[in-house]
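A structural walkthrough
Take a look at the letters that make up each chain.
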Amino acid sequence: DEDELHDRIRAAKATLGERVVVLGHFYQREEVVRHADHVGDSFQLAGFAKQHPDAEAIVFCGVHFMAETADLLSGEDQAVILPNLAAGCSMADMADIDQVEDCWEQLADVLGPLDEPDADGLVPVIPVTYMNSSAAIKGFVGRHGGIVCTSSNARTVLEWAFARGRRVLFFPDQHLGRNTAKAMGVPLAQMPMWNPRRPLGGSTAEELQDSRVILWHGFCSVHRRFTVAQIDQARAEHPGARVIVHPECPMEVVDAADEAGSTDFIRKAIAAATEPTTFAVGTEINLVRRLAAEYPQHEIFCLDPVVCPCSTMYRIHPGYLAWVLEELVAGRTPNRITVPADVADPARVALERMLAARP
Ligand code: 13P
Ligand code: SF4
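In this text, all values refer to a predicted model and were calculated from it rather than measured experimentally.

**Considering the overall build of the protein chain**
Looking only at helices and strands, one finds 16 helices and 13 strands in the protein chain. Rg of the C-alpha trace for the protein chain: 21 Å, near the compact-globule value of 21 Å for 359 residues, within the 12% margin. A principal-axis box enclosing the C-alpha atoms of the protein chain has dimensions of 65 × 55 × 35 Å. Buried residues in the protein chain amount to 48% of all 359 residues.

This is the structure:
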């Protein structure tokens, strides 16, 4: 039962001491988060993975692309362990490397050689991938002069990209791409969406030539469920409520909200409120519930009345955490995530560009 698992995890962690670091994403369930040495959003967790060079193992309570990123940024001899290998991300799976390579070739047919700068020193396209993508996609981006972003630095990263290219090819999340570019003043008419099942992604050559941001057709199955009707209802039932949503939500939802930002932005906005406030939050339920428990002076609820956990984040059951820690105690290294060197080297370049990018 839960208590027994809790005790087993505590005992194994006590035996391992500083040999192991447990990282947890904000969307993890409470029974897992309570054992994490660091909890954070994707950007913060990438930083934590670099900060423990002496630990033998990093147990990553999150999803597969985050564990891959931790492997890219951690030391060579450190093992990154994903407690349940079935914890993937449906959005990351929407950008398939073969489809992206094919898109790149089709863009070259329309826009000319993609690595040749024009008279202003700008190349035709800079690829930008959201952190929520496979290492193979990050490697592709690194090989083609591109960069990674997270929801907490997407604007800075797009500015970095526009200083180097005429356009951005943004994947996998159309919503983060659209919301960020729109806030920067890019007209919607210059943001065609690329559907890999159609020639030229479903656009004409002229539309692609005129484009500023080409959006991949991916989305997050959790955040796309939020609606303007939910916001209207929250405002009607709770006059004065502050509505904060994640930028993976559709554009109309972000437009109807008071604020939009990464999971850490949401947490900080609530932490900074000095007066008792009602917060209607559009993000994953485990984070919303934890914030509600942490800040009882505020009324904090999820915009979606039907509970909406991220089903793959939820696959990190405390039973798996207990199991991997006990295996480490026994000298074994289960569920290790290792990115092969040919992918890791360019993927690391794209990640390091992100870590160095400044507004
Ligand atoms: P952040 O942690 O960057 O806010 O991203 C949310 C998310 O969907 C992670 O999978
Ligand atoms: Fe992927 Fe969405 Fe779950 Fe994040 S919340 S891991 S983007 S499915």
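After that view, the rundown keeps rolling.
**A short note on the domain arrangement of the protein chain**
Domain assignment breaks the protein chain into domain 1 (2–88 + 313–340), domain 2 (93–219) and domain 3 (223–302). For domain 2 and domain 3, the distance between their C-alpha centres works out to 29 Å. Split into classes, the residues belonging to the side of domain 2 that touches domain 3 amount to two nonpolar, six polar and three charged.

**Side note on the sheet that holds strand 13 (residues 299–302)**
Strand order in the open sheet formed by four strands is 11-10-12-13, with parallel pairing between adjacent strands. Sheet topology places strand 11 (259–260) and strand 13 at the edges, where each strand pairs with a single neighbour. Direction of pairing for strand 10 (residues 242–245) relative to strand 11: parallel, over a ladder of two bridges. Pairing of Ile244 across the sheet is with Glu259, part of strand 11.

**Side note on the site of ligand 2**
The local shell around ligand 2 holds 13 residues, among which Cys89, Met91, Cys220, Val222 and Cys310 are the closest. Of the residues in the shell around ligand 2, the class split is eight nonpolar, four polar and one charged.

**Looking at the UniProt feature "binding site: [4Fe-4S] cluster" (unreviewed entry) in the protein chain**
On the UniProt side, "binding site: [4Fe-4S] cluster" (unreviewed entry) is annotated at positions that read Cys89, Cys220 and Cys310 here. Despite a sequence span of 222 residues, these residues sit close together in the fold, their greatest C-alpha distance being 9.3 Å. By secondary structure assignment, the location of Cys89 is in the loop between strand 4 (79–81) and helix 5 (90–93). In this structure, Cys89 is in contact with Val63, His64, Phe65, Asn132 and Thr312, ignoring residues within four places of it in sequence. When residues no more than four places from it in sequence are discounted, the contact partners of Cys220 are Met91, Asp173 and Glu248.

**A few points about the packing of helix 8 (residues 154–162) against helix 9 (residues 174–183)**
The contact between helix 8 and helix 9 brings their axes to 10 Å, and the two run at 75 degrees. Accordingly, the angle class assigned to the pair helix 8 and helix 9 is roughly perpendicular. Residue-level inspection shows Ala154, Arg155 and Leu158 of helix 8 in contact with helix 9, the latter providing Leu176, Thr180, Ala181 and Ala183. Looking at the contact of helix 8 with helix 9, its residues break down into five nonpolar, one polar and one charged.

**Looking at helix 6 (residues 97–111)**
For helix 6, which comprises 15 residues, the first-to-last C-alpha distance of 21 Å matches the rise-based estimate of 21 Å (1.5 Å per residue) to within 8%. For helix 6, the complete set of buried residues consists of Val100, Cys103 and Leu107. In an axial view of helix 6, the angular spread of the buried residues amounts to 55 degrees, which keeps them on one side of the axis. Opposite the buried face of helix 6, at more than 90 degrees from it, the exposed residues are Asp98, Glu101, Glu105 and Asp109. Looking at the buried residues of helix 6, the elements they touch are strand 5 (123–130), helix 7 (135–143), strand 7 (165–171), strand 8 (193–194) and helix 10 (205–210). With its phi angle positive at about 90 degrees, Gly112 sits one or two positions after the end of helix 6.

Cut-off values and rules
Residues numbered from 1 in each chain as written. Chains lettered and ligands numbered in written order. Predicted model: local features only at pLDDT ≥ 70, side-chain atom pairs only at ≥ 80, totals over all residues. Helix = DSSP H or I, 4+ residues; strand = E, 2+ residues; numbered from the N terminus. Rg over C-alpha atoms; globule rule 2.2 N^0.38 Å. Buried ≥ 20, exposed ≤ 12 C-beta atoms within 10 Å, placed from the backbone. Domains from an automatic or database assignment. Nonpolar A, V, L, I, M, F, W, Y, C, P; charged D, E, K, R; others polar. Pairing = 2+ DSSP bridges. Near = placed C-beta within 6 Å. UniProt positions renumbered as here; feature names shortened; annotations may be inferred. Contact = placed C-beta atoms within 7 Å. Axes fitted to C-alpha atoms, helices over the stretch in contact; angles between N-to-C directions. Parallel < 35°, antiparallel > 145°, perpendicular 65-115°, else oblique. Expected span 1.5 Å × (residues − 1). Arc of directions from axis to C-beta.

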